[in-house]
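So you can see what is in the structure, the chains are spelled out below.
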Number of protein chains: 2
Amino acid sequence: MQKHIHEWIHLHREESTAFLQKLVRIPSTQGNEQRAQFLIADKLLELSLDVDLWEPDGEALALHPYFCSPRNTFIGSPNVVGVLKGVGGGRSLLLNGHMDVVPEGNRAQWQDDPFSGNVVDGKLYGRGATDMKGGNISLLMAIEAVQSLGIKLKGDIIFESVIEEESGGAGTLAAIVKGYKADAALIPEPTNMRIFPKQQGSMWFRMEVKGRSAHGGTRYEGVSAIEKSIAVIQHIRELEVDRNARISDPLYANNPIPIPINIGVIQGGNWPSSVADTVKLEGRMGVAPAETLDDAKEEMRQWMAKLSVKDPWFAAHPPTVEWFGAQWVPGNVDPDHAFMQVLMQQFRAVKQDEPVIEASPWGTDGGLLTQVGDTPCIVFGPGITQVAHYPNEHIVLEHVFEAAEIIALTIIQWCGLDNSEA
Amino acid sequence: MQKHIHEWIHLHREESTAFLQKLVRIPSTQGNEQRAQFLIADKLLELSLDVDLWEPDGEALALHPYFCSPRNTFIGSPNVVGVLKGVGGGRSLLLNGHMDVVPEGNRAQWQDDPFSGNVVDGKLYGRGATDMKGGNISLLMAIEAVQSLGIKLKGDIIFESVIEEESGGAGTLAAIVKGYKADAALIPEPTNMRIFPKQQGSMWFRMEVKGRSAHGGTRYEGVSAIEKSIAVIQHIRELEVDRNARISDPLYANNPIPIPINIGVIQGGNWPSSVADTVKLEGRMGVAPAETLDDAKEEMRQWMAKLSVKDPWFAAHPPTVEWFGAQWVPGNVDPDHAFMQVLMQQFRAVKQDEPVIEASPWGTDGGLLTQVGDTPCIVFGPGITQVAHYPNEHIVLEHVFEAAEIIALTIIQWCGLDNSEA
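Residues numbered from 1 in each chain as written. Chains lettered and ligands numbered in written order. Predicted model: local features only at pLDDT ≥ 70, side-chain atom pairs only at ≥ 80, totals over all residues. Heavy atoms only, no water.

Enquirer: Can you break down the overall build of chain A residue by residue, with the values?
Expert: Helix and strand counts for chain A stand at 13 helices and 16 strands. Its C-alpha atoms give chain A a radius of gyration of 24 Å, near enough to 22 Å, the size a compact globule of 422 residues would have. With the principal axes as the frame, chain A shows a C-alpha extent of 85 × 45 × 45 Å. Going through the 422 residues of chain A one by one, you find that 61% of them count as buried. Nonlocal contacts in chain A, meaning residues at least 24 apart in sequence, comprise 83% of its contacts between residues at least 6 apart. As displayed, chain A has an accessible area near 16,200 Å², and 49% of this comes from carbon and sulfur atoms. The averaged location of the 54 negative side-chain charges in chain A is 3 Å from the averaged location of its 35 positive side-chain charges. (Helix = DSSP H or I, 4+ residues; strand = E, 2+ residues; numbered from the N terminus. Rg over C-alpha atoms; globule rule 2.2 N^0.38 Å. Buried < 20%, exposed > 50% of the residue type's maximum accessible area, 1.4 Å probe, protein only. Contact = heavy atoms within 4.5 Å. Areas by Shrake-Rupley, 256 points an atom, 1.4 Å probe, with all protein chains shown as cover. Lys, Arg positive; Asp, Glu negative; His and termini not counted. Charge placed at Lys NZ, Arg CZ, Asp CG, Glu CD.)

Enquirer: Provide a residue-level description of helix α7 (residues 225-245) of chain B, including the pertinent values.
Expert: With 21 residues, α7(B) extends 30 Å between its outermost C-alpha atoms, agreeing within 8% with the 30 Å of an ideal straight helix rising 1.5 Å per residue. N-cap assignment for α7(B): the residue whose side-chain oxygen lies 3.1 Å from the backbone N of B:I226 is B:S224. (Expected span 1.5 Å × (residues − 1). Polar contact = N/O pair within 3.5 Å; in protein donor to acceptor, adjacent residues only side chain to side chain.)

Enquirer: Tell me about the interface of chain B and chain A, and please be specific about residues and values.
Expert: A common way to state how big an interface is: give the accessible area lost once the parts meet. On the side of chain A, 45 residues touch chain B, which itself brings 45 residues to the contact. Across the chain B/chain A interface, buried area totals approximately 3,600 Å², and carbon plus sulfur atoms make up 62% of it. Run the count over chain B and chain A and you get 4 salt bridges. Among the salt bridges present, the one from A:E227 reaches B:R237, with a minimum N-O distance of 2.7 Å. The interface formed by chain B and chain A contains 13 residue pairs in polar contact (both at pLDDT 80 or more). Those elements that provide at least two residues to the side of chain B that touches chain A are α7, β10 (261-268) and β11 (278-287) of chain B. For the side of chain B that touches chain A, the element with the highest residue contribution is β10(B), accounting for 8 residues. In terms of residue class, the side of chain B that touches chain A is built from 22 nonpolar, 17 polar and 6 charged. (Buried area = accessible area lost by both parts, 1.4 Å probe. Salt bridge = Lys/Arg side-chain N within 4 Å of Asp/Glu carboxyl O. Nonpolar A, V, L, I, M, F, W, Y, C, P; charged D, E, K, R; others polar.)

Enquirer: Residues and numbers for the packing of aromatic side chains, please.
Expert: Scanning all chains against the criterion turns up 17 aromatic pairs over all chains. Ring centres of A:W204 and B:W271 lie 5.0 Å apart, and the angle between their planes is 85°; on these two criteria the pair is classed as edge-to-face. Of the two residues, A:W204 sits in strand β9 (residues 201-210) while B:W271 sits in the loop between β10 and β11, which places them in two different chains. The partly exposed category is assigned to B:W271, whose relative accessible area is 44%. Ring centres 6.4 Å apart and planes at 75° place the aromatic pair B:F67 and B:F74 in the edge-to-face group. With respect to burial, B:F67 and B:F74 carry one shared label: buried. Three or more aromatic residues joined by ring pairs form one cluster here, namely A:W271, B:W204, B:F324 and B:W328. Residue placement shows B:K43 over the ring face of B:F19; its charged tip is 5.6 Å from the ring centre. Over the ring of B:W54 we find B:K178, and its NZ or CZ is 4.1 Å from the ring centre. (Phe/Tyr/Trp six-rings, centres within 6.5 Å; stacked < 30°, edge-to-face > 60°. Lys NZ or Arg CZ within 6 Å of the ring centre and 35° of its normal.)

Enquirer: Let's hear about the sheet that holds strand β12 (residues 320-328) of chain B: which residues, and what values?
Expert: A sheet is described by the order of its strands in space; here 8 strands give the open sequence β12(A)-β9(A)-β11(A)-β10(A)-β10(B)-β11(B)-β9(B)-β12(B), paired in antiparallel fashion. The sheet terminates laterally at β12 (320-328) of chain A together with β12 of chain B, the two strands that pair on one side only. Adjacent strand axes in the sheet meet at a mean angle of 25°, parallel and antiparallel pairs treated alike. Here β9(A) runs beside β12(A); their pairing, made up of 7 bridges, is antiparallel. (Pairing = 2+ DSSP bridges. Axes fitted to C-alpha atoms, helices over the stretch in contact; angles between N-to-C directions.)

Enquirer: Got a sec to walk through the sheet that holds strand β5 (residues 123-125) of chain A? Specific residues and values, please.
Expert: Residue and element names in this part refer to chain A. Across the sheet, 3 strands lie side by side as β4-β5-β16; this open sheet has antiparallel pairing. The sheet is open, and its two borders are formed by β4 (119-120) and β16 (394-396), each paired with just one other strand. The sheet strands contacting helix α13 (residues 397-415) are β4, β5 and β16, and the helix crosses β16 at an angle near 60°.

Enquirer: Please set out the UniProt feature "domain: Peptidase M20 dimerisation" (unreviewed entry) in chain A residue by residue, giving values where relevant.
Expert: Residues annotated in UniProt with the feature "domain: Peptidase M20 dimerisation" (unreviewed entry) correspond here to residues 199-310 of chain A. Within residues 199-310 of chain A, the helical portion is 34% and the strand portion 26%, while the C-alpha atoms at the span's ends are 34 Å from each other. (UniProt positions renumbered as here; feature names shortened; annotations may be inferred.)

Enquirer: Could you give an account of the relation of the copies chain B and chain A, naming the residues involved and the relevant values?
Expert: Of the two same-sequence chains, chain B is brought onto chain A (RMSD 0.1 Å, axial shift 0.1 Å) by a rotation of 180°. The symmetry that links the two subunits is that of a two-fold axis. Taking C-alpha positions as the reference, the residue of chain B nearest the rotation axis is B:Q267, at 2.1 Å. Of the interface residues in chain B, 100% have counterparts in chain A that sit at the interface too, so the contact is made through matching surfaces. (Least-squares fit on C-alpha atoms with pLDDT ≥ 70 in both.)

Enquirer: Break down the nonpolar core for me, citing the residues and quoting the values.
Expert: A:V232, A:L281, B:V232 and B:L281 are the most contacted members of the largest nonpolar core, which has 108 residues in total. Look past the residues within four positions of A:L281 in its chain and what remains in contact with it is A:F205, A:R206, A:M207, A:V209, A:S229, A:V232, A:I233, A:I263, A:V265 and A:I266. (Core = buried A, V, L, I, M, F, W, Y, C linked by side-chain atoms within 4.5 Å.)

Enquirer: Can you lay out helix α11 (residues 338-351) of chain A for me, pointing to particular residues and giving the numbers?
Expert: Three or four residues apart is the spacing at which side chains of an α-helix point the same way, because the helix has 3.6 residues per turn. All names here are of chain A. With 14 residues, α11 extends 20 Å from end C-alpha to end C-alpha; this agrees with the ideal 20 Å at 1.5 Å per step. Among the residues of α11, F339, M340, V342, L343, M344, Q346, F347 and V350 are the ones counted as buried. Trailing α11 by a residue or two, Q352 shows a phi angle of about 55°, which is positive.

Enquirer: Tell me about the packing of helix α11 (residues 338-351) of chain B against helix α13 (residues 397-415) of chain B, residues and numbers included.
Expert: Residues and elements named next belong to chain B. Packing of α11 against α13 leaves a shortest axis separation of 9 Å and a crossing angle of 135°. The pairing of α11 with α13 is recorded here as oblique in orientation. You can see that α11 and α13 cross each other, and the crossing is right-handed. Of α13, the residues touching α11 (which contributes A338, F339, V342, L343, Q345, Q346, F347, V350 and K351) are E402, E405, I406, L409, T410, Q413 and W414. Among the residues forming the contact of α11 with α13, the class breakdown is 9 nonpolar, 4 polar and 3 charged. (Parallel < 35°, antiparallel > 145°, perpendicular 65-115°, else oblique. Left-handed = near helix turned anticlockwise from the far one by under 90°.)

Enquirer: Run through the domain arrangement of chain A, naming residues and quoting values.
Expert: Residue and element names in this part refer to chain A. When the domains of chain A are assigned, the result is domain 1 (2-199 + 330-415) and domain 2 (201-326). The C-alpha centroid of domain 2 is placed 35 Å from the C-alpha centroid of domain 1. On the side of domain 2, 15 residues touch domain 1, which itself brings 18 residues to the contact. A salt bridge links D249 to K198; the nearest nitrogen and oxygen atoms lie 2.7 Å apart. (Domains from an automatic or database assignment.)

Enquirer: Break down the state of the cysteines for me, citing the residues and quoting the values.
Expert: All names here are of chain A. Applying the stated criterion across every chain yields a total of 0 disulfides over all chains. Of all cysteine sulfurs in the structure, the one in C377 sits closest to C68, which takes part in no disulfide; the separation is 18 Å. Of the cysteine sulfurs around C377, a residue in no disulfide, the closest is that of C415, at 14 Å. (Disulfide = S-S within 2.5 Å.)

Enquirer: So what about the side chain of A:S167? Which residues, and what values?
Expert: Residues and elements named next belong to chain A. Within the secondary structure, S167 sits in the loop between β6 (157-162) and α6 (170-177). For S167, a relative accessible area of 12% translates into the label buried. Ignoring any residue separated from it by four or fewer positions in sequence, one finds S167 in contact with Q30, C68, S69, P70, A326 and W328.

Enquirer: A description of the pattern of salt bridges should follow, citing residues and the corresponding values.
Expert: Applying the stated rule across the entire model yields 60 salt bridges over all chains. As a salt-bridge pair, A:D156 and A:K85 come within 3.2 Å of each other at their nearest N and O atoms. With A:D156 in the loop between α5 (129-148) and β6 and A:K85 in the loop between β2 (79-84) and β3 (93-98), this residue pair connects regions lying 71 residues apart in the sequence. The closest approach of N and O atoms between B:R206 and B:E282, which form a salt bridge, is 2.8 Å. Of this pair, B:R206 sits in strand β9 (residues 201-210) while B:E282 sits in strand β11, and the two are 76 residues apart along the sequence. The partly exposed category is assigned to B:R206, whose relative accessible area is 24%. Put simply, A:D242, A:R243, A:R246, A:E291 and A:E299 are held in one network by salt bridges that share partners.

Here it is in structure tokens:
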């Protein structure tokens, strides 16, 4: 069986590369996913899957407690799901990948057009190549290999091409709400072929630190919001130390700060010779796999309340804390879960090597699937973590094909081979 | 003589208040000074002064080493000078005030229209009332009182109504370049009736602190420019301590930080979940009366070079330092200067009290007059320091009249009374 799969994939390298090029050449940034999703829907129809293409109802979805998106309408931004029914009696598998890509950023930092899809030295370049159109191609190759080789499965395969992963997961949430679930799920996000049964969640926060304005020549008559924001940043740094000291999960053994709190934006004051009266801080709080978003928010709230013990200024002028923008629910599947065993086994079979098992330092839609969608999700894919969201993003095509092979074998092993006709 | 002056001023309170209202109702922000300056020129002609109204030649002025302005053309922004020639044999006096005002800022913070000129409880309200149209009215009343009473002076009076004080002094510089100078000068900036023989200078700087970007979930792979900017701010704070420890001038006895370094603006990073790779800091460096701008710049340069001793990151990535925007040359007149004696004497005569002598915590055009224009300048005026540049700026009219009286007597005493006809 492994030999057949390997050969099929080997023979369809060029065809799949061309399809990945086609996908990468569509700049499917937020709001512009439709063309790419139509292409996927066509492909699923060609593979004889039952295809469901729909634009999520933003107003209805916005009522869901896990809804998080900067927009409330998804007109022109369809989700696509394809279902391959098994003959019954097997375990179902959900294969999920997102079609939205982050913007290309500063074009001057790209050596080529950001959406070129060019192949150089076995690497395919362009925004989304790694995150995560390459992984999506691995999924489609795996399904097509199984179909083309006439393999009959017991369990169902549910393939999801979703929108909105990059801004909070509303696409995957919409598929959950529509009722799609399975006994296990795989998302081929760019993990450098590592296997992540757990994923760090995260949330964005915004704080406003207050001071009191004065002329810079008599700055002692004011209170600098810039100096107060330094105290706030140092206070948050202590919270980060405290939270990470509690992480003992061996999957984080190689990670110096398993759940970081990053202050990414600072902005305050508006005149060089005035004392700044306000500073805005924006950041990202990492959430541990075993934690809930609400627990993490509550810990931040309580920690910030302690600021006034250090400096009475904060008692009268507490910084405001607001949770805004994106959030990713953490994912938390037991490394001993049966689906982990199957995936690791197929990894060893194809790679002739032991897989690296870790907890991801970032969130994916896997958290939603596991915690909200009742579908334990593991993240494993061919892309390069380091180039995701960066200029000159690319993927090693060989890894796309290897991942396809591992996933095809995993599908067969997990869903079960139907031998009734054999 | 004092009695005549007092009576004349008392009788012209309403007329002068109306003129101040007229001036305040003209929003003479940078670039919009013309209407107010024409009004002043009319007044000077009415007082039979020789009037010189001209738009400074921006291109020529820009070549001057002390030129500092965000613009290089002054078309529509005239300076006005009026000269009252004495009969000879006396000391000349230059009376300088600026007609430009800072913008009104957020109108919602004003209880009334920012340019209302309304009088409530003896206070006249509006942007520029204190800084420094009220002081200018004191000067004009003093000159008019002397003229109206038929007092003949030995020395010349040079009255200057200048542009650009709020953005680096190009108006006063243009008058210096044109040749206007005297044996002493007075600027009635808002000092709360304190006398400032010395004035703090200042310069604006901009620094760019560098980091290295990374995803917030793996922030340890990057270098946060926000954290590095905290180190830079603390380093600058040490320089401030060091520089102020060297100030022993008794005029600064009541000032906790005679020459502050204020960081007024901080701005860095552009994404909550990314490690910030750049932070911009903008600030104002106070310059001691006895110091030159260049000395202070050089001290900052040398101090910033020491950052790399604290943190090797700065050796490879030194923050850039740029001097930009406005600068004010410090002023430094000996408190025992003859003009100080005259001014203090007349202050005592009118106020029946001892004047407060201090060094100002901010720069004025006095530094240019003293250091560049060869005209020792003292700052003393009726405005309220605390409301300058703030919403609901106002001035106590009684102080305008008191200052006018002190200045009229100072003019007579300094320039010398011509008794030849008497």
